[in-house]
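# Commentary on secondary and tertiary structure
So you can see what is in the structure, the chains are spelled out below.
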Amino acid sequence: MTDNIPMYFLGANAPGGFVSHFADVYDVTEGWRVYIIKGGPGTGKSSLMRRVAEAAADRGEAVWVSPCSSDPDSLDAAVMPNMRVCLMDGTAPHVVEPQYPGMCEVIINLGDHYDIDMLALSADRLYPKCIDNAALHARASRYITAAGQMMADSMKLAAACTDMSGAAAYGAKLARRMLPDKAGRAGREQMRFLSAVTPRGFMFLSGTVTATCPTIKAVEDEYGAVSEAMLSAFRLVALERGYDIINCRSPFMPNGAPEHVLVPEAGVALCTCNRRMPLDVTRLIRSERFTDTEALRRHKQRLSFNRRAVDQLIEAAVDTLAAAKLTHDQMEHFYIEAMDFDAVNRRTDALIQRIFG
């Protein structure tokens with residue numbers, strides 16, 4: 001079952017709209033085979049990817065999956081890194097189109113198996129659901145944008161009370177101690193998310209960290225200033241020393257510093273932990289050792305206000321995404337009625353045979 005397979009979000013609801021790291025999964029020069037799954041809601045895209053992921057796990061192949069941040073029970077991708085094979089949902093909001101058709105990417109269109117005449121007859125009822133769904137996602141994005149701005153304000157206040165250079169020096173020292181220099185090529189970086197705002201609430205995939213890296217050190221940091229400096233320095237040293245890393249940023253600051261850095265080949269991770277992201281760690285580094293707590297206390301009222309506002313905005317975003325999922329489920333009903341799932345299952349069987357032999 002995919003319950004025991006590591007998970008990362010490849011896309012997240014973020015300030016300004018959806019942010020996608022789908023293009024970061026594969027490199028055409030490395031011989032990847034990419035199956036881009038197309039089709040409407042409820043046409044079996046997630047079920048197809050789940051079956052392939054389970055087939056890989058049953059055969060002992062390395063595999064990880066990406067749950068959908070708008071519906072964590074569904075999959076957006078299944079990736080088999082050692083086989084250099086991945087399947088991904090190529091539909092909105094993370095539209096994926098082939099860059100090297102046939103040479104690297106193959107489109108699997110599950111729309112081949114629905115009754116277009118039946119769907120056309122349902123257009124007057126289906127179209128409003130599509131409009132409502134898009135409007136709800138836009139509203140959720142506005143709540144997330146506002147929450148991100150409040151978080152950024154708190155981080156700025158904390159940074160002014162933080163020994164940022166000291167935190168950075170500690171992060172670099174930690175990387176040099178944990179990661180022996182490989183004296184080869186520079187390491188490579190992949191971007192993913194370990195957390196997301198979803199219809200089920202704020203989700204943090206802590207199990208992926210513990211399953212991937214036996215040694216986990218974490219910065220306990222409510223505001224993110226210390227972790228920003230420390231993890232940024234750790235990331236740079238890890239790359240300079242030749243390690244491939246997974247850089248997981250915050251969905252509230254998707255263009256910012258790392259929130260978590262995983263180095264799977266070394267079995268090492270440096271993470272941020274706080275009330276939203278609890279972790280069972282090898283060692284906990286307290287942000288207070290780099291913070292002028294007396295100076296920070298002078299901003300207590302503003303920080304408390306920001307914290308309450310962030311909680312309320314995230315709650316509003318979650319509720320809005322839950323409403324969006326409800327409209328999406330109603331959209332799925334129309335497609336499910338029009339689908340030939342026997343044909344989809346036969347196509348899935350053939351794909352599994354093609355991938356695994």
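Keep in mind that what you see is a predicted model, and the values were worked out from it rather than measured.

What follows concerns the nonpolar core. By size, the foremost hydrophobic cluster in this structure holds 37 residues, and its most contacted members are Val25, Tyr26, Val34, Cys86, Met88 and Leu194. Only strand S1 (11-14), strand S3 (33-38), strand S5 (71-80), strand S6 (85-89), strand S10 (201-204), strand S11 (215-220), strand S12 (245-250) and strand S14 (268-273) provide two or more residues apiece to this core. Apart from residues lying up to four places away in sequence, methionine 88 is in contact with Phe22, Val25, Tyr26, Val34, Tyr35, Ile36, Ile37, Met49, Asp76, Ala77 and Val96.

Read across the sheet, six strands follow the order S8-S12-S13-S14-S11-S15 without closing on themselves; strand pairing throughout is mixed. In this open sheet, the two strands that pair with only one neighbour each are strand S8 (189-192) and strand S15 (283-286). Averaged over neighbouring strand pairs, the angle between their axes works out to 30° when direction is ignored. The sheet contact formed by strand S13 (residues 253-263) and S14 spans four bridges and is antiparallel. Counted as the bridge partner of histidine 260 is cysteine 271 from S14. The sheet contacts of helix H4 (residues 164-178) involve S11, S14 and S15, and relative to S15 the element is tilted by about 165°.

The next subject is the packing of helix H3 (residues 123-160) against helix H8 (residues 300-338). The contact between H3 and H8 brings their axes to 8 Å, and the two run at 160°. In terms of orientation, H3 lies roughly antiparallel with respect to H8. For the pair H3 and H8, the crossing hand works out as left-handed. When its residues are assigned to classes, the contact of H3 with H8 shows 25 nonpolar, eight polar and six charged.

Turning next to a positive patch on the surface. On the surface, a cluster of positive charge is contributed by Lys173, Arg176, Arg177, Arg283 and Arg289. Mapped onto the elements of the fold, arginine 177 is located in helix H4.

Counted by the stated rule, this structure contains four aromatic pairs. Between tyrosine 8 and tryptophan 64, the aromatic rings sit 5.3 Å apart at their centres with planes inclined by 85°, giving edge-to-face as the arrangement. Of this pair, tyrosine 8 sits in the segment before S1 while tryptophan 64 sits in strand S4 (residues 64-68), and the two are 56 residues apart along the sequence. Tryptophan 64 matches tyrosine 8 in its accessibility class, with the two residues each being buried.

Within the element layout of this structure, isoleucine 246 appears in strand S12. With a relative accessible area of 7%, isoleucine 246 lands in the buried category. Excluding residues that lie within four positions of it along the chain, isoleucine 246 makes contacts with Tyr8, Gln190, Arg192, His260, Val261, Leu262 and Pro264.

Let us now look at the pairing of S5. The buried fraction of S5 is high, at nine of 10 residues. From the end of S4 to the start of S5, which pair antiparallel, there are two residues. The pairing of S5 with S6 spans four bridges and is classified as antiparallel. Residue pairing across strands places alanine 78 opposite leucine 87, the latter belonging to S6.

Thresholds, definitions, all that
- Residues numbered from 1 in each chain as written.
- Predicted model: local features only at pLDDT ≥ 70, side-chain atom pairs only at ≥ 80, totals over all residues.
- Heavy atoms only, no water.
- Core = buried A, V, L, I, M, F, W, Y, C linked by side-chain atoms within 4.5 Å.
- Buried < 20%, exposed > 50% of the residue type's maximum accessible area, 1.4 Å probe, protein only.
- Helix = DSSP H or I, 4+ residues; strand = E, 2+ residues; numbered from the N terminus.
- Contact = heavy atoms within 4.5 Å.
- Pairing = 2+ DSSP bridges.
- Axes fitted to C-alpha atoms, helices over the stretch in contact; angles between N-to-C directions.
- Parallel < 35°, antiparallel > 145°, perpendicular 65-115°, else oblique.
- Left-handed = near helix turned anticlockwise from the far one by under 90°.
- Nonpolar A, V, L, I, M, F, W, Y, C, P; charged D, E, K, R; others polar.
- Patch = residues over 30% accessible without salt bridge, like charges linked within 9 Å, V, L, I, M, F, W, Y side chains within 5 Å.
- Areas by Shrake-Rupley, 256 points an atom, 1.4 Å probe, with all protein chains shown as cover.
- Salt bridge = Lys/Arg side-chain N within 4 Å of Asp/Glu carboxyl O.
- Lys, Arg positive; Asp, Glu negative; His and termini not counted.
- Charge placed at Lys NZ, Arg CZ, Asp CG, Glu CD.
- Phe/Tyr/Trp six-rings, centres within 6.5 Å; stacked < 30°, edge-to-face > 60°.

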